[in-house]
Each structure stands twice: as structure tokens, then as C-alpha cells.
Amino acid sequence: MKPRSKKIGYLLAGTTLAAACVVLVAYGGEPPAWLLASGKGAAPEAAEKQAPARREILDFHMTDLDKGWIRYTDGTSRVTEDGGVHWTEQASGIPEAAASGTDGPNASNTDVKKLTTIAYQAKDYPVKQSQFVTDRVGWALLTAGTDLANPLLVTTDGGQTWHAEVTPAVKDALQEEKQRQQRISREAALYASPGQAKKAMDSAWTLLPDTASPGDVVLVRHDKPGEVAWQGKTYVLRPFEAGYFTYLPVPMKTKPGSYPIGDQTLKIKDKKFETQHLKVSKQMESMRQDTKRIEADQKKIDAARSKSEPVFLFSEPFIQPIEGILTTPFGHTRYVNGKFASSHTAIDLAAKEGTPIKAANDGIVALADNFYLTGNTIYIDHGMNLFSQYAHLSKLQVKTGDRVKRGDIIGLVGSTGFSTGPHLHFTFWAHNVPVNPNLFFNATPFQWLKQEPQSR
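All residue numbers refer to position in the chain's written sequence, counted from 1. Confidence filtering applies because this is a predicted model: local features only for residues at pLDDT of at least 70, side-chain atom pairs given and counted only at 80 or more, and all residues used for totals across whole chains, interfaces and linings. Side-chain descriptors were evaluated using all non-hydrogen atoms of the structure, hydrogens and water having been removed beforehand.

**Remarks on the sheet that holds strand β3 (residues 77-80)**
Consideration 1: The four strands are arranged β1-β2-β3-β4 in an open sheet whose pairing can be described as antiparallel. Sheet topology places β1 (57-62) and β4 (88-90) at the edges, where each strand pairs with a single neighbour. For this sheet, the mean angle separating the axes of adjacent strands, direction not counted, is 20°.
Consideration 2: With four bridges connecting them, strand β2 (residues 68-72) and β3 associate as antiparallel partners. When the sheet's bridge partners are listed, R71 is paired in β3 with S77. Strands are treated as partners if at least two bridges between them are detected by DSSP. Put simply, DSSP marks the helices as runs of H or I at least four residues long and the strands as runs of E at least two long, and each gets a number from the N terminus on. Where helices are involved, their axes are fitted lines through C-alpha atoms of the stretch in contact, as for all axes, and angles between N-to-C directions lie from 0 to 180°.

**Here's the deal with the packing of aromatic side chains**
Consideration 1: Pairing of aromatic side chains requires ring centres within 6.5 Å, counting the rings of Phe and Tyr and the six-membered ring of Trp. Pairs whose planes differ by under 30 degrees are stacked, by over 60 edge-to-face, and all others tilted. Under the defined criterion, the tally for this structure stands at 20 aromatic pairs.
Consideration 2: With a centroid separation of 5.3 Å and 75° between ring planes, the pair formed by F318 and F440 is classed as edge-to-face. In this pair, F318 sits in the loop between α7 (291-305) and β18 (325-328) while F440 sits in the segment after β30 (433-435), placing the two residues 122 residues apart along the sequence.
Consideration 3: Exposure remark for F318: the relative accessible area of 0% places this residue in the buried category.
Consideration 4: Type-normalised accessible area, obtained with a 1.4 Å probe on protein chains alone, sets the label of each residue: buried when under 20%, exposed when over 50%, and partly exposed for intermediate values. Take F440: its relative accessible area is 0%, and that puts it in the buried class.
Consideration 5: Between Y390 and F426 the ring centres are 5.1 Å apart and the planes differ by 50°, which places this aromatic pair in the tilted class. Highlighted residues: Y390 in strand β25 (residues 386-393) and F426 in strand β29 (residues 423-430), separated in sequence by 36 residues. Exposure class is identical for Y390 and F426. Each is buried.
Consideration 6: Over the ring of Y72 we find R55; its NZ or CZ atom is 4.0 Å from the centre of that ring.
Consideration 7: In this analysis the charged atom, NZ for Lys or CZ for Arg, is taken to sit over a ring once it is within 6 Å of the ring centre and within 35 degrees of the ring normal. Over the ring of W429 we find R305; its NZ or CZ atom is 3.7 Å from the centre of that ring.

**Description of unusual backbone geometry**
Consideration 1: With an omega dihedral of -5°, the bond running from L208 to P209 counts as a cis peptide bond.
Consideration 2: Mapped onto the secondary structure, P209 falls in the loop between β9 (205-208) and β10 (211-212).
Consideration 3: The phi torsion at M384 lies on the positive side, around 60°, for a residue other than glycine.
Consideration 4: Assignment of secondary structure puts M384 in the loop between β24 (375-381) and β25.
Consideration 5: On the basis of relative accessibility, which here comes to 4%, the residue M384 falls in the buried class.
Consideration 6: For N432, which is not a glycine, the phi torsion comes out positive at approximately 70°.
Consideration 7: You can see N432 is positioned in the loop between β29 and β30.

**Digging into the pattern of salt bridges**
Consideration 1: Any carboxyl oxygen of Asp or Glu within 4 Å of a side-chain nitrogen of Lys or Arg constitutes a salt bridge here. Under the defined criterion, the tally for this structure stands at 17 salt bridges.
Consideration 2: Its salt-bridge partner being D147, residue K123 comes within 3.8 Å of it at the nearest N-O pair. Here K123, found in strand β6 (residues 123-132), pairs with D147, found in the loop between β7 (138-142) and β8 (152-155); they are 24 residues apart in sequence, far enough to count as distant.
Consideration 3: Look at K123 and you get partly exposed, because its relative accessible area is 40%.
Consideration 4: Via salt bridges that share partners, D135, R136, E177 and R180 belong to a single interconnected network.

**Here's the deal with the environment of S308**
Consideration 1: Considering the arrangement of structural elements, one finds S308 in the loop between α7 and β18.
Consideration 2: A sequence separation of 79 residues divides S308 from F387, and the C-alpha atoms of the two residues are 8.5 Å apart.
Consideration 3: In this structure S308 touches D381, G383, M384, N385, L386 and F387, once residues within four positions along its chain are discounted.
Consideration 4: Engagement of the side chain of S308 in a polar contact is seen with the backbone nitrogen of M384, the distance being 3.3 Å.
Consideration 5: Of note is the side chain of S308, whose polar atom sits 2.7 Å from the backbone nitrogen of N385. In what follows, residue pairs with any heavy atoms lying within 4.5 Å of each other are defined as contacts. The definition of a polar contact used here is a pair of N or O atoms within 3.5 Å, where within protein one atom must be able to donate a hydrogen and the other to accept one, and adjacent residues in sequence count solely through side-chain atom pairs.

If you want it as C-alpha cells, here you go:
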């Protein structure tokens, strides 16, 4: 070849190479199909890149807030044990544990909500299958053909918003819901039956019971924090497990009628109390005149009863501290030596001196001391401003600050203070108001929902 011809050939080759580079740049480094078809460019095995086929989900099931499975149309499946944060491939079939059914913390809510469509990112999608594990947490499988990479969505707010991934925020919400379900389970166990638990916990306001008499006490449950105005006082609803609670003492002078409490009505029935006449020596009667000493004792007692644990310290029914003879029922109008003394807001149980006295329920000894009128006396805090009182003991066997369990021996029957013989003066105080102890025996306030007050 002549030199000029060689020069032209080299020039043409260089031009072709430069054009090919321009084409490659224009196509992001990938040769176009027409270039591959001409046999020039990349290797034949890279001739065409195909997107991996997306498996279609056949169905799914969440066993609880953590465990669940997804089954695909090709027979494979994946399982999760952390609420969908991670999914593990299974060769085939569904693990027996996952397929065993729903055993979550609130299984009764499973599939309660049936969805046909959901809104996600400002667009409505048809739903093939949905399942709510609780009233807040649910899953929805969209019908085939959607443009979403993941057609299985999750909600943590009852279906108001949906998420295609278990983000850190969703994970935190799932953890919070798990804790809430545990609180629900613990509270539900305190009621007399699952039906009563559901009735109380599904309502915005619950009165336990909704009918009472003067001298009784009512437990109020609300699903939100707040306050209750009652008989000229305001009571704060304190959090416990899944609700907010307070005791409402019914003073002896409360008039019969219907009283609104939240969206409920508390009915107060009329009740007549018998009259009791006592005759005591002039020396004993003079004890009641030492107002200075009585007031000093009362200040110490009021201070002890002003501080209470902000939770219920018991879970089992209350017991009667001794099996004595009932000498004075609750509410009797008492006259001493012909003069009006007061209403007897306790029960007196006569027993042999030295008889062991049991703690009515779990609690903390708020005060154990000797007082002028009530003698050796114990107050046990049962939480939420409820105290039990044991008076006229011959011996104290606990001290202030001790934790006691239901049935523990805390003292012995005696006749100390203003007393005419060995007996136990026993009552409850709710927010510093004495209330009928007969309501508590063999029950807890959580079991008062359908129970009429059994005043004696």
C-alpha cells in the first residue's frame, strides 16, 4: 500500500473507533442492541441484561407480632421472627411452628378488620388478603400487578398509614405495641372473667361497680389520663397497665341519686344504718375530751396516708384479717353514754386476746405505732391511695416501711386505746375517707364490675 493510502486507512480506523466510543458513552457504557447484533462491542454473554423475575406472593400469615410466613406461587416460602425486619428463605413448605395458628398476645383481634383497598403514598391499592394481629398492627397483601416492589404492607396505627418496609420507626412502634399488649394481658387477668375484662377495657369509662351506697367506694377506669370531680373534690386518674384509675369514696352523707362520671352514671342508693349505744366509765369517756392529743395523733396518721404507691400493690382477693365475732357492723350510728359520738366507719371483730391478725392483702406498712384512741395501730398501703387499718392490737409485729404479703401475721388482737374489750377494729381508707371493708373480702375492686356491693 502506498504511504498516502496507509495514512487514509489509519485515519478511517481511528474515526470508527472514536465513533464507537461516543456510542458507548451515550449508552452509559452499554453497547446498543444494533451494535451487538453487528458482532461488534461487548462479549456475547452480556448481549442482553434481563431483570430478575419477581416472585408472586400466594398468601401470608402472622402468628403474632414477631413471627410469620410468606408463601409464593413457586412453592417456596420465607419466615420472619422479628416482625418483618428480616425474612429467611425456606426451601419449601411452611414451618410447623409458623403454620400452627395465631397465638399472639391479642389473638381475638386477628382478621377482625377485613380490607378491600388501602391508601399508600396517595394512591389506592386493591387488597388480596389482610390480617390484623392487634387493633393497631395489621398486614395487607396487595393484589398482583401492582407497581410496588414489595406488595406486603404493614400498619401500626390501625390502618391509617401503611409502610412497605419495617423501618426503624415501624420497628419501634411494633415494640411499643408488644409492650402495650403485655400490659393489656396483665390487666385482663385481674378481672373476674375474660368477659368482664373485655367489657371494662373496651369502654372509655368504666365504674366498678356502677351502683353504690353511702360508705362504699367505687373504682373508676378511663382509657386516657385526666381527672374526676366528685363530691367537691378532684381525683387524678393514675396510669396502671392499660388504663387510668382512681378510687371514688362515697361519704356517709352522700345523697341518693344519679351522678355523671365521664360518660357513665353512678347510682347512689339510700341506706339506713342502725344505732348502737355504748356505756363506758367516766375515765374512758374523758379520753375523748383530750382533743390536743387526739389532733396530734391525727396529724401523724394523715401524713402517713397522704403518700401512697402509684400502682395497685395486690393481685389476689382481699381476706378478712381474723375470724372473730362481729360486734359492731360498718356504719352504725354510735352513742356513748347517751351522747352522739360518730358513725362507726369500721367493723369490730371480737376475738381472744393474742389472736394472730393477718394482712388483708399485699402492701407496704405506712404506719405502725401506738395512738391515744386506737392504741397499737397499723396502716397498710395497698397502692392508689387505698389503706387498710388494724387497731387496738396488743402487739405490733411489723414496723413502718415493711413490705407484707397477704396473710402475713402483722400483730395480735388486744384492747389498747379506747376499747371495752379485746377485738380488732378494721376498716379501709380511700383518699383519707373511711369505706366499707365488707366490699373487699374475697374480691378485689377489679371484680366489682357486676357485683352489687355486699354491705353488712
